[in-house]
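# What the coordinates show
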Amino acid sequence: MNKIKTRAAQAALPINQILAGDCIEIMNSLPEASVDLIFADPPYNLQLRGELHRPDNSKVDAVDDHWDQFSSFSAYDQFSRDWLAAARRILKPNGAIWVIGSYHNVFRMGAELQNQGFWILNDVVWRKSNPMPNFRGKRLTNAHETLIWASKSEGAKYTFNYEALKALNEGVQMRSDWVIPICNGGERLKDDNGDKAHPTQKPEALLHRIILGTTNPGDVILDPFFGTGTTGAVAKMLGREFIGIEREAAYREVAEKRIAKIRKFDKEALEVSASKRAEPRIPFGQLVERGMLRPGEELFSMNGRHKAKVRADGTLIGDDVKGSIHQVGAHLEGAPSCNGWTYWTFRRDGKHVPIDVLRQQIRAELH
């Protein structure tokens, strides 16, 4: 019944559209528990005072737009409370949210996330490899922004493609400090006058990492502060669905043109490295049933110190112990546990071959 309700809710969603208007009102109009992930880049409330100039007296194109201005911290807190409540309502039970901010607002958002029952999973430091200098010389150069990744609740089974992010990082665990350049060059969108189309356009590399790591193809990603559409562009490329909300007409126009030019990667290109725990379970007995290993055949430990004999029911007998490939391996090594798939080998053509090779052959057939 829950799956039927989820499909019905998704069918009612304005998929792959940019909605014009107030994000709180629009989110409150969407079906409850219908979105897989929310990426939010809300106003930072930068509290800028006066114009900023470079040493050569040229003016810095800083964020001074009306949408980033609030009358007080309490007004900003109320705004954060309202949009986060609306976001939480439309997240699926196992959904998650990413919010990004600077020192001006990220701590206030983090507290409100916890107040509303979100469960913080990580804070990620986006370290900019090419930050804007501090022209006044009165503070440290602001060289990073902070992202908060949170599940809807403490026990939620959120998506985390650990192996995919590890592969993206050359086989090393992905850390929580990400070195990515700010958006510039050909990626930086310009308006008809040649000026920046948006003052805080985020790099596609940042969204690629987030979407690849915490969603699956076909998932629905909502961005309530859509801007020039980086979230939608990357979501489309990676085979995800998106919903954008943006009240500024100029940004919507740029985003629509941008996303219309994007092509989705083909199905094979969208496949990523999966966790071994996510792969189908193959009992050792299935290798015996299929004749890949025969009853009476001997298996040898990877270190060459032990051997055991395969039995017809998929158990092993070795020395004075009988049991599964894991139990027998653990007993022979005097260890509390043992991964039999990586411990045992069989002999073919004079060579020792890991039994896991046979398991992977069956998994390949299933795929």
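For clarity, every value in this text was computed on a predicted model and none was experimentally measured.

A separate point is the nonpolar core. Membership of the largest hydrophobic core comes to 31 residues, with the highest contact counts inside it found for Met27, Ile38, Trp83, Ile97, Val99 and Leu222. It is helix 3 (residues 73-90) that contributes the most residues to this core, seven residues altogether. In this view, tryptophan 83 contacts Cys23, Ile24, Met27, Ala40, Pro42, Ile97, Val99, Met109 and Phe225; residues no more than four positions away in its chain are not counted. Formed by 29 residues, the second largest nonpolar core is a distinct cluster that contains Ile18, Trp98, Leu147 and Leu238.

For an α-helix, 3.6 residues make a turn, and residues three or four places apart therefore share a direction. Listed as buried for helix 4 (residues 106-115) are Val106, Met109, Gly110, Glu112 and Leu113. Seen from one end, helix 4 has its buried residues packed into an arc of 165 degrees, which puts them on one side. Exposed positions of helix 4 whose direction lies more than 90 degrees from the buried face are Phe107, Gln114 and Asn115. Looking at the packing, one finds that the buried side of helix 4 touches helix 3, strand 3 (91-101), strand 4 (119-127) and strand 5 (144-151).

This part takes up the pairing of strand 13 (residues 344-348). The pairing of strand 9 (residues 298-301) with strand 13 spans two bridges and is antiparallel. Following the sheet pairing, serine 301 is matched in strand 13 by tryptophan 344. One ladder, built from four bridges, connects strand 13 with strand 14 (residues 351-354); its direction is antiparallel. Looking at strand 14, one finds that phenylalanine 346 is bridged to valine 353. From the end of strand 13 to the start of strand 14, which pair antiparallel, there are two residues, and aspartate 349 there has a positive phi angle of about 50 degrees.

The strand order 1-8-7-2-3-5-4-6 describes an open sheet built from eight strands, whose pairing is mixed. Of all strands in the sheet, those with a lone pairing partner are strand 1 (17-20) and strand 6 (177-179), marking the two edges. Across the sheet, the mean angle separating the axes of adjacent strands is 20 degrees when strand polarity is ignored. As paired strands, strand 1 and strand 8 (residues 241-246) are joined by four bridges and run parallel to one another. Among the inter-strand pairings, isoleucine 18 is bridged to a residue of strand 8, identified as glycine 244. Its contacts with the sheet place helix 4 against strand 3, strand 4 and strand 5, and it is angled at close to 165 degrees to strand 3.

What counts and what doesn't
Residues numbered from 1 in each chain as written. Predicted model: local features only at pLDDT ≥ 70, side-chain atom pairs only at ≥ 80, totals over all residues. Heavy atoms only, no water. Core = buried A, V, L, I, M, F, W, Y, C linked by side-chain atoms within 4.5 Å. Buried < 20%, exposed > 50% of the residue type's maximum accessible area, 1.4 Å probe, protein only. Helix = DSSP H or I, 4+ residues; strand = E, 2+ residues; numbered from the N terminus. Contact = heavy atoms within 4.5 Å. Arc of directions from axis to C-beta. Pairing = 2+ DSSP bridges. Axes fitted to C-alpha atoms, helices over the stretch in contact; angles between N-to-C directions.

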